[in-house]
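# Chain and residue survey
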Amino acid sequence: MAEIRVKTSKRIEALNITELVEKTMRGMEGNLLHVYTQHTTCGLTINEDADPDVMRDILDALERMVPAKYPYRHSEGNSDAHIKATLTGSSVTIPCIQGRPAFGTWQGIFLMEFDGPRERKVIVTLI
Amino acid sequence: MAEIRVKTSKRIEALNITELVEKTMRGMEGNLLHVYTQHTTCGLTINEDADPDVMRDILDALERMVPAKYPYRHSEGNSDAHIKATLTGSSVTIPCIQGRPAFGTWQGIFLMEFDGPRERKVIVTLI
Amino acid sequence: MAEIRVKTSKRIEALNITELVEKTMRGMEGNLLHVYTQHTTCGLTINEDADPDVMRDILDALERMVPAKYPYRHSEGNSDAHIKATLTGSSVTIPCIQGRPAFGTWQGIFLMEFDGPRERKVIVTLI
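Because the structure is a prediction, the values reported are computed rather than measured.

### Considerations on the relation of the copies chain B and chain A
For the match of chain B to chain A, the screw axis carries a shift of 0.0 Å, the RMSD comes to 0.0 Å, and the turn is 120°. One copy is carried onto the other by what is essentially a three-fold rotation axis. Within chain B, the C-alpha atom positioned nearest to the axis of rotation is that of L87(B), 3.5 Å from it.

### What to know about the pairing of strand β7 (residues 107-113) of chain C
Successive side chains on a regular strand alternate, one facing one side of the sheet and the next facing the other. All names here are of chain C. The element β7 is extensively covered by neighbouring structure, given that 7 of its 7 residues are classed as buried. By the alternation rule, side chains of β7 split into Q107, I109, L111 and E113 and G108, F110 and M112, which are all buried. In terms of strand pairing, strand β2 (residues 13-16) meets β7 through 4 bridges, oriented antiparallel. Opposite N16, over in β7, you have F110 as the bridge partner. Judged from the 7 bridges that link them, strand β4 (residues 42-48) and β7 form a sheet pairing that is antiparallel. Paired with G43 across the strands is M112, a residue of β7.

### Here's the deal with the packing of aromatic side chains
Under the criterion given, the structure shown has 3 aromatic pairs over all chains. With a centroid separation of 5.0 Å and an interplanar angle of 55°, the aromatic rings of Y70(B) and Y72(B) are classed as tilted. Taking relative accessible area as the criterion, Y70(B) reaches 37% and is therefore assigned partly exposed. Under the relative-accessibility criterion, Y72(B) is labelled buried at 14%. The ring of Y70(C) has R64(A) sitting right over it, with the charged end atom 3.8 Å from the ring centre.

### Here we look at the side chain of H82(A)
With respect to the element layout, H82(A) can be found in helix α3 (residues 79-88). A polar side-chain atom of H82(A) sits 3.1 Å from the main-chain carbonyl oxygen of T40(A). Setting aside chain neighbours within four positions, we find H82(A) in contact with T40(A), T41(A), H74(A), N47(B), E48(B), V54(B) and I58(B).

### Digging into the sheet that holds strand β2 (residues 13-16) of chain A
Residue and element names in this part refer to chain A. Pairing within the open sheet is antiparallel, and its 3 strands lie in the order β2-β7-β4. Looking at which strands have only one partner, the edges of the open sheet turn out to be β2 and β4 (42-48). On average, each strand axis in the sheet is tilted by 35° relative to the strand beside it, whichever way the strands run. Packed onto the sheet, helix α2 (residues 52-65) meets β2, β4 and β7 (107-113) and runs at close to 135° relative to β4.

### As for the pattern of salt bridges
Tallied over the entire structure, the rule returns 33 salt bridges over all chains. E119(C) serves as the salt-bridge partner of R5(C), at 3.1 Å between the closest nitrogen and oxygen. Of the two residues, R5(C) is situated in strand β1 (residues 2-7) and E119(C) in strand β8 (residues 119-126); the sequence distance between them amounts to 114 residues. Owing to a relative accessible area of 43%, E119(C) belongs among the partly exposed residues under this scheme. Here the salt bridges share partners, and the residues they tie into one network are R11(A), E63(A), D80(A), K84(A), D115(A) and R118(A).

### Here's the deal with the sheet that holds strand β3 (residues 32-37) of chain C
Working definition: the strands of a sheet are paired by backbone hydrogen bonds and lie parallel or antiparallel to each other. All names here are of chain C. One open sheet accounts for 5 strands, arranged β1-β8-β3-β5-β6; its pairing is antiparallel. Each having just a single partner strand, β1 and β6 (100-101) make up the two edges of the open sheet. Bridge count between β3 and β8: 5 bridges; the pairing is antiparallel. Note on β8: the bridge partner recorded for V35 is V124.

Rules of the game
Residues numbered from 1 in each chain as written. Chains lettered and ligands numbered in written order. Predicted model: local features only at pLDDT ≥ 70, side-chain atom pairs only at ≥ 80, totals over all residues. Heavy atoms only, no water. Least-squares fit on C-alpha atoms with pLDDT ≥ 70 in both. Buried < 20%, exposed > 50% of the residue type's maximum accessible area, 1.4 Å probe, protein only. Helix = DSSP H or I, 4+ residues; strand = E, 2+ residues; numbered from the N terminus. Pairing = 2+ DSSP bridges. Phe/Tyr/Trp six-rings, centres within 6.5 Å; stacked < 30°, edge-to-face > 60°. Lys NZ or Arg CZ within 6 Å of the ring centre and 35° of its normal. Polar contact = N/O pair within 3.5 Å; in protein donor to acceptor, adjacent residues only side chain to side chain. Contact = heavy atoms within 4.5 Å. Axes fitted to C-alpha atoms, helices over the stretch in contact; angles between N-to-C directions. Salt bridge = Lys/Arg side-chain N within 4 Å of Asp/Glu carboxyl O.

This is the structure we're talking about:
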């Protein structure tokens, strides 16, 4: 098990952490990679690692479904971030073959920042 | 592995099961906590365990995206609950350090009831 | 660990892969079943295995939230599929008791095709 810290630079951003996760898990052994975020206003997802427009479309769609500006109850002004975090989820798991995650051709892991910029902690576990 | 039973009290409700899960896993060993619901009209999510308004905002947002009243095909009148269950997911996984889930400061586990009140079964596994 | 290949027959479809997964995991040992899709335009979910109208309602609701036709940035014309994949997720995990997944009465595993028809790869792992 190892901890990664990443810095996001915008309020809403899809940060590609694939290489960082792969580097972190070197030397660790197991058949299942688990990546976890300890926060409630960001999420993790697996999606396309090629054309960055895909992640922009995903963030824009989430914004249309869950607008930042709305008369939410929670007084901190970041309810949209909590809602989007629940829609994307706090963890991803990927099977590992010979110590490497069995990603499909286009897959990468993204930290979905919904209330940045912040430093975020990600825990990488191999089972 | 252990089974928990919880009772929900409303049709739609976010039930904080963090303490119950932590109590249930005492004495079990492993590096990854897996929490699973055996139902198709409720879900599990990790989100803020401090201000209850956050979970109210999440439930309200899901209701705006997936209204209870709509001409759905499924005749049991709970299609919105099935859809919301797929959006939140049937399980959560959290890494464990020294037998305790490595929650972030604000994180807790919630059973997302979308078609209650009912008794719900939750399976807790440590891997 | 084993790989399954399935063929979908429509652009958007919920393919019940429960039996196929159960058949594939026979002889494998472990306490947690992990099912993973290596693609970025389909997802996996656990939901009702009885009335097929439930899955139709889920697909229809996803289409209302994320319409196929919209001025997305990504030029391949399948941004809605990527967005829906992130909303449903790339994997499901189910606890296993005596070598069998501990499904609830109504639960089944569905490959959520959002950009078919295609052949899709699914990786089944027991931990």
